[in-house]
Amino acid sequence: MRNELPNLSRRGFLLTSAAAGGGLLLGVSVAVASRPAEAATAARPFEPNAFVLIGADGLVTVTMPYIEMGQGTYTSVPMLVAEELEVDLKQVRIRHAGPDDKLYANPIFGVQMTGGSTTMRAAYLPMRQAGAAARTLLVQAAAQQWKAKPADCVAQNGQVLHRPSGKRLGYGALAATAATLPVPKDVPLKQPAEFKLLGKASKRLDTPLKVNGSAKYGIDAMVPGMKFAALAQSPTFGGKLRGVDESRALAVKGVRQVVKLDDCVAVIADHTGAARKGLAALEIDWDAGPNANVNSAAISAALAAASEGPAAKVRQEGDPAKAGGKRIAAVYEQPFLIHAAMEPLNCTVHMKEDGCEIWTGTQVMTIARAVAAQVAGLPPEKVTVHNHYLGGSFGRRLEVDMVARSVQIARHVKGPVKVTWSREEDTQHDMYRGVFLDKVNAVVDAQGMPVAWTHRITGPSTLKRYLPAAFNNGFDEETVDGAMHPPYAFPNLLVEYVNYEPPVPTSFWRGVGPAHNLFVVESFVDELAHAASKDPVAYRAALLAHNPRAKAVLELAAAKAGWGARLPRGQGRGVSVQNVFGSFIALVTDVAVDKEGEVTVKRVVAAVDTGVAINPDTIRAQVESAVNFGISAALWGQATIEGGRVQQSNFHDVRVMRIHEAPKIETHIVSSQEAPGGMGETGTAGLFPSLANAVFAATGKRLRKLPIDPQQLRGA
């Protein structure tokens, strides 16, 4: 059965004349589908729009409601349009969408947002529908000009062909006529078997721009008359500015002024070098505030204490307390994690008498505009936001604190000002992945198979702050994702959550809930397999009989990795499997552990079933990116707190994977006609447990705390 285009009125489509020479501008409006619990509390009608512009030159411009931060969105989403529109991807151009929830909201979240590995899931039908509707109008326009039957006309390669006569007209010649035609009510979409572009490797549209330097990131914004700002914020969480001696800073050539806020000082100068020299010359007196004595040990103790308190019931099946058998238990701990995107935080702001103009890179355009308007004391329609490519994010640019801070500073500056965080400011004023403590226990039968599973999660909830309506009955589903619905069949199951908010700002981090929950679930399943003296892959497969897609990727990854083959002494192989973000993925990780306890990841084999593989090259790139990101965090990642401040400051102590340290990564993609799932975060979430399980296989030492401490492994 074909996917059908919903009945759409002219309110759903926007048909206008395009720029000089005429053209077709088409946008498709779709009803909001069922929204995942992490994004909403109830379904509500919403009309996001995705626009396709066909000019008189035949070029297709896709206005992108999603942003590009390295994940390939600016190629994969246009591929959806191009497939149904019957054009070569080389004919497609891209432009950033402006802030507008009515036109550009992600239908999963109900606001204009890129995140949570939702882009392909959200765009798959609407963008194809836009392409299919545009194609139908163009065919009708050609038939009208030729006085032919539409059934005798077919779209091919950016042209319409009249099959009986062999006549052809390009889309550019038809666009103006097509814009005058009534909206089609029932346009069938292609079946996956009919795809010509989707499922084939396509070169990324943004690569040439990034190679030749013409791609513009937020940090590249240049505005006539712009000043440059360097800032220092209170080094302690909740601290305030007590006073500052600015005399030496003002003596630096090029420094124009010093802006003082409640918890921040900014030096404004003619160029960044002068701003930073001026900042270094300031003598700042900080009031450390209420968190001056907070440290990592105190936070860990408070987290452990909170875990003993009342918990919210997330999910219960059966009654684990009544299950009989041998009980096995474990406790897992995970640290604060730093985002460490390559492009440091930045935002350029021009405060005017009648409005505010902003240049930045953000995942949440309308939220950024709303916050800027609030800080500036303006209505949102008086705020203009120009979005850019993002030089990495990993969830950091879902927050808009950098926009708010920059507007605060700009209110004191005449003319535009670019505020750029130093690497140290970016690192020490991050919004960190939260700390978590997990207690998990299972009751196993005489064969060592689980008959009951209990998992208590203790840690912060980002959505409690970010989207309070999503925090219901003491939990939100994003924080418990990957634990609430494990891939395995447990006859009795209880998942609980205890909310603990540390005195450290926390937020989304690549992999979100699954990144911390899968480490626990997949590590503990491995513990159960070992306790039962069973092979970890076979043990998991026995628990996945009801979950054929998960079982298939598990068995494929194991086969491709050579599971069961003997490894040299000091080496080990570990596995994990997951079904989160609408995708199924299994990882097999090979490691070597030396006598000093240092871990080297040698190879990672991934098997992926993400539904229709829009662009296989992008899927492989996302797995490779996410795996290397996860290795960095598993081996070295943490933010430690002392005296109310983060101790790490730059890449010398925020260690990330170097190219010579990166393992060989193989990605095997399962052919599927299911709707596409998300891929940007699955590799990170699955890497943590597969790596830890590999270390256990190599050393016999079980890791229940990250990052990996080599001292625990010395002499193993």
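What counts, and where the lines are drawn
Residues numbered from 1 in each chain as written. Predicted model: local features only at pLDDT ≥ 70, side-chain atom pairs only at ≥ 80, totals over all residues. Heavy atoms only, no water. Helix = DSSP H or I, 4+ residues; strand = E, 2+ residues; numbered from the N terminus. Rg over C-alpha atoms; globule rule 2.2 N^0.38 Å. Buried < 20%, exposed > 50% of the residue type's maximum accessible area, 1.4 Å probe, protein only. Contact = heavy atoms within 4.5 Å. Areas by Shrake-Rupley, 256 points an atom, 1.4 Å probe, with all protein chains shown as cover. Lys, Arg positive; Asp, Glu negative; His and termini not counted. Charge placed at Lys NZ, Arg CZ, Asp CG, Glu CD. Polar contact = N/O pair within 3.5 Å; in protein donor to acceptor, adjacent residues only side chain to side chain. Pairing = 2+ DSSP bridges. Axes fitted to C-alpha atoms, helices over the stretch in contact; angles between N-to-C directions. Domains from an automatic or database assignment. Buried area = accessible area lost by both parts, 1.4 Å probe. Salt bridge = Lys/Arg side-chain N within 4 Å of Asp/Glu carboxyl O.

### Description of the overall build of the protein chain
Part 1 of the reasoning: Counting its regular elements, the protein chain contains 18 helices and 27 strands.
Part 2 of the reasoning: For 716 residues, the compact-globule formula gives about 27 Å, and the C-alpha radius of gyration of the protein chain, at 27 Å, lands near that figure.
Part 3 of the reasoning: For the protein chain, the spread of C-alpha atoms along the principal axes amounts to about 80 × 75 × 45 Å.
Part 4 of the reasoning: Evaluated residue by residue, the protein chain yields a buried proportion of 59% over its 716 residues.
Part 5 of the reasoning: Relative to all contacts within the protein chain whose residues are 6 or more apart in sequence, the contacts with residues 24 or more apart total 76%.
Part 6 of the reasoning: Summing over all exposed atoms, the protein chain offers an accessible surface of approximately 28000 Å²; the carbon and sulfur share of this is 52%.
Part 7 of the reasoning: Averaged over its 76 positive side-chain charges, the protein chain has a centre that lies 5 Å from the centre of its 66 negative ones.

### As for the environment of Ala 122
Part 1 of the reasoning: Looking at the element boundaries, Ala 122 is found in helix H3 (residues 119-146).
Part 2 of the reasoning: When its relative accessible area of 4% is taken as the criterion, Ala 122 is described as buried.
Part 3 of the reasoning: Remark: the alpha-carbon pair of Ala 122 and Gly 678, spanning 556 residues in sequence, is separated by 9.7 Å.

### Some words on the environment of Ser 76
Part 1 of the reasoning: Take Ser 76: it is sitting in helix H1 (residues 73-85).
Part 2 of the reasoning: A sequence separation of 122 residues divides Ser 76 from Leu 198, and the C-alpha atoms of the two residues are 8.6 Å apart.
Part 3 of the reasoning: Residues in contact with Ser 76, not counting those within four places in the same chain, are Met 120, Ile 614, Asn 615 and Thr 618.

### So, the side chain of Glu 343
Part 1 of the reasoning: Summarising the element assignment, Glu 343 is placed in the loop between strand E14 (326-334) and strand E15 (346-352).
Part 2 of the reasoning: A residue is classified by how much of its surface remains accessible, and Glu 343, at 8% relative accessible area, is buried.
Part 3 of the reasoning: From its side chain, Glu 343 meets the backbone nitrogen of Gly 218 in a polar contact 3.4 Å long.
Part 4 of the reasoning: Within the local environment of Glu 343, its side chain forms a polar contact with the side chain of Asn 346, the two groups lying 2.9 Å apart.
Part 5 of the reasoning: Beyond its immediate sequence surroundings of up to four residues, Glu 343 is in contact with Tyr 217, Gly 218, Ile 219, Tyr 389, Leu 390, Gly 391, Arg 397, Arg 423 and Asp 426.

### Regarding the pairing of strand E24 (residues 599-609)
Part 1 of the reasoning: The element E24 is largely enclosed, with a buried count of nine among its eleven residues.
Part 2 of the reasoning: As paired elements, strand E23 (residues 583-593) and E24 share ten bridges and run antiparallel to each other. Note that in E24 the partner of Leu 587 across the bridge is Ala 606.
Part 3 of the reasoning: Count of turn residues in the E23/E24 antiparallel hairpin: five residues, of which Gly 597 carries a positive phi of about 85°.

### Looking at the sheet that holds E24
Part 1 of the reasoning: On the basis of which strands lie adjacent, the open sheet formed by four strands has the order E22-E23-E24-E27 and mixed pairing. The sheet is open, and its two edges are formed by strand E22 (571-580) and strand E27 (664-669), each paired on a single side. Taking the axes of each pair of neighbouring strands and ignoring which way they run, one obtains an average angle of 15° across the sheet.
Part 2 of the reasoning: Strand contacts of helix H16 (residues 616-636): E23, E24 and E27, with the helix running at about 135° to E27, the strand carrying the most contacts.
Part 3 of the reasoning: This element, helix H17 (residues 682-699), spans E22, E23 and E24 of the sheet and lies at about 150° to E22.

### Thoughts on the domain arrangement of the protein chain
Part 1 of the reasoning: Domain assignment breaks the protein chain into domain 1 (46-206), domain 2 (218-289 + 345-420) and domain 3 (297-336 + 432-712).
Part 2 of the reasoning: The interface is formed by 16 residues belonging to domain 1 together with 15 residues belonging to domain 2.
Part 3 of the reasoning: Each partner contributes to the roughly 1200 Å² buried at the junction of domain 1 and domain 2, and carbon and sulfur atoms together form 64% of this total.
Part 4 of the reasoning: Considering only the surface of domain 1 that becomes buried against domain 2, Met 69, His 96 and Pro 99 emerge as the three largest contributors, covering 43% of it.

### Here we look at the pattern of salt bridges
Part 1 of the reasoning: Under the defined criterion, the tally for this structure stands at 35 salt bridges.
Part 2 of the reasoning: Glu 83 is the partner of Lys 190 in a salt bridge, and the nearest nitrogen-oxygen pair spans 2.6 Å. Of this pair, Lys 190 sits in the loop between helix H4 (171-178) and helix H5 (207-212) while Glu 83 sits in helix H1, placing them 107 residues apart in sequence.
Part 3 of the reasoning: The buried category is assigned to Lys 190, whose relative accessible area is 10%.
Part 4 of the reasoning: For Glu 83, a relative accessible area of 2% corresponds to the buried category.
Part 5 of the reasoning: The salt bridge partner of Glu 596 is Arg 714, with a shortest N-O separation of 3.8 Å. Here Arg 714 lies in the segment after helix H18 (710-713) and Glu 596 lies in the loop between E23 and E24, a separation of 118 residues in the sequence.
Part 6 of the reasoning: On the accessibility criterion, Glu 596 (46% relative accessible area) is partly exposed.
Part 7 of the reasoning: Each of the salt bridges in this network shares a partner with another, and the network as a whole consists of Arg 573, Asp 590, Arg 603, Lys 664 and Glu 666.

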